[in-house]
Amino acid sequence: MPRILIVEDEPAISESLAYALKRDGFEVSQAGTLIAARAILASAELVLLDLMLPDGSGFDILHEARRAARGPAVIILSSRDHESDRVAALETGADDYVTKPFSPREVVARVRAVLRRAGARDPSVREPTSEPPITVDEPTRRAAVRGRAIELTRVEFDLLACLLSAPGRVFTRAQLIDRVWGDGFAITDRTIDSHVKALRRKVLEAGGDAGLIETVRGVGYRASDQPDG
Ligand code: CA
């Protein structure tokens, strides 16, 4: 089973996560400081990362994980009142975040989802999946809901393609602007929201699930993990 590294200086949180993960069969390592985390980072496949540690910021670990060629996936353990940290973490390349206080079971479910996505990117461990409810084909710029083509505008197509490139991952509005419009465009959040609204309506009209594109309040949007709904 994959090794999960918990980087968290509050023993009660660290212990409850370790207990839940071990019960689910994961191998677990724990670190309460940046120094301890660095020493074992290379052996981890996924890191649960608190941002405020006694000897510095968890962002340092996130940067190191992203710089490594086959670095671990990272899920941020964030405090409710630090939304800007959460956005910054996602923009730095964190795979997901959970907000304290959280249930260890929720965290275990997120760990499984992130590892599944990481596995999906690695052909050696790809598992067969059922036909996804929605597909985009970038070369032909065609999108379909359960095999039925839907007509999208350029922006709607690019938004959908971006979200579906990493199901389950949250994209901030700034990231979506960057990918869909590119640099230098003055696009407001409301503009994005209205394109997403139109996209959802078209998916719904084609017999798809409008909930496929989830709003993550205060952050942005994500495509739900399709195989599990
Ligand atoms: Ca802390």
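Structure: above.
Here we summarise the structure given alongside this text.

Each value, and the rule that gives it
- Residues numbered from 1 in each chain as written.
- Predicted model: local features only at pLDDT ≥ 70, side-chain atom pairs only at ≥ 80, totals over all residues.
- Heavy atoms only, no water.
- Helix = DSSP H or I, 4+ residues; strand = E, 2+ residues; numbered from the N terminus.
- Contact = heavy atoms within 4.5 Å.
- Areas by Shrake-Rupley, 256 points an atom, 1.4 Å probe, with all protein chains shown as cover.
- Buried < 20%, exposed > 50% of the residue type's maximum accessible area, 1.4 Å probe, protein only.
- Pairing = 2+ DSSP bridges.
- Core = buried A, V, L, I, M, F, W, Y, C linked by side-chain atoms within 4.5 Å.

**Quick word on the overall build of the protein chain**
Step number 1: A tally of helices and strands in the protein chain yields 8 helices and 13 strands.
Step number 2: If one aligns the C-alpha atoms of the protein chain with their principal axes, the spans along those axes are about 50 × 40 × 30 Å.
Step number 3: In the protein chain, the share of contacts with a sequence separation of at least 24, taken over all contacts with a separation of at least 6, comes to 57%.
Step number 4: If you sum the accessible surface of the protein chain, you get close to 11900 Å²; carbon and sulfur atoms cover 50% of it.

**Some remarks on the pairing of strand β3 (residues 46–50)**
Step number 1: Extensive coverage of β3 is indicated by the burial of 5 of its 5 residues.
Step number 2: Of the two faces of β3, both are covered, the one formed by Leu46, Leu48 and Asp50 as well as the one formed by Val47 and Leu49.
Step number 3: Direction of pairing for strand β1 (residues 3–7) relative to β3: parallel, over a ladder of 4 bridges. Considered in β3, the bridge of Val7 is made with Leu49.
Step number 4: Pairing between β3 and strand β6 (residues 73–79): 5 bridges, direction parallel. The partner of Leu46 across the bridge, within β6, is Ala73.

**Let's talk about the nonpolar core**
Step number 1: With 29 residues, the main nonpolar core has Leu160, Leu176, Ile192 and Ile213 as its most contacted residues.
Step number 2: Among the elements of the structure, β9 (142–145), α6 (154–164), α7 (173–180), α8 (189–205) and β13 (220–223) are those that each provide at least two residues to this core.
Step number 3: Here this core takes 8 residues from α6, the largest share from any one element.
Step number 4: Counting residues in each nonpolar core, the second largest holds 24 residues, with Ala44, Phe59, Tyr97 and Val219 among its members.

**Regarding the environment of Arg142**
Step number 1: Relative to the elements of secondary structure, Arg142 occurs in strand β9.
Step number 2: Separated by 10 residues in the primary sequence, Arg142 and Leu152 place their C-alpha atoms 8.4 Å from one another.
Step number 3: Not counting chain neighbours up to four residues away, the residues in contact with Arg142 comprise Thr135, Val136, Asp137 and Phe157.

**Quick notes on α7**
Step number 1: For α7, the set of buried residues is Arg173, Gln175, Leu176, Ile177 and Val180.
Step number 2: If you follow the buried residues of α7, they end up packed against α4 (83–92), α6, β11 (171–172), α8 and β13.
Step number 3: One or two positions beyond α7, positive phi appears at Gly182, with a value near 90°.

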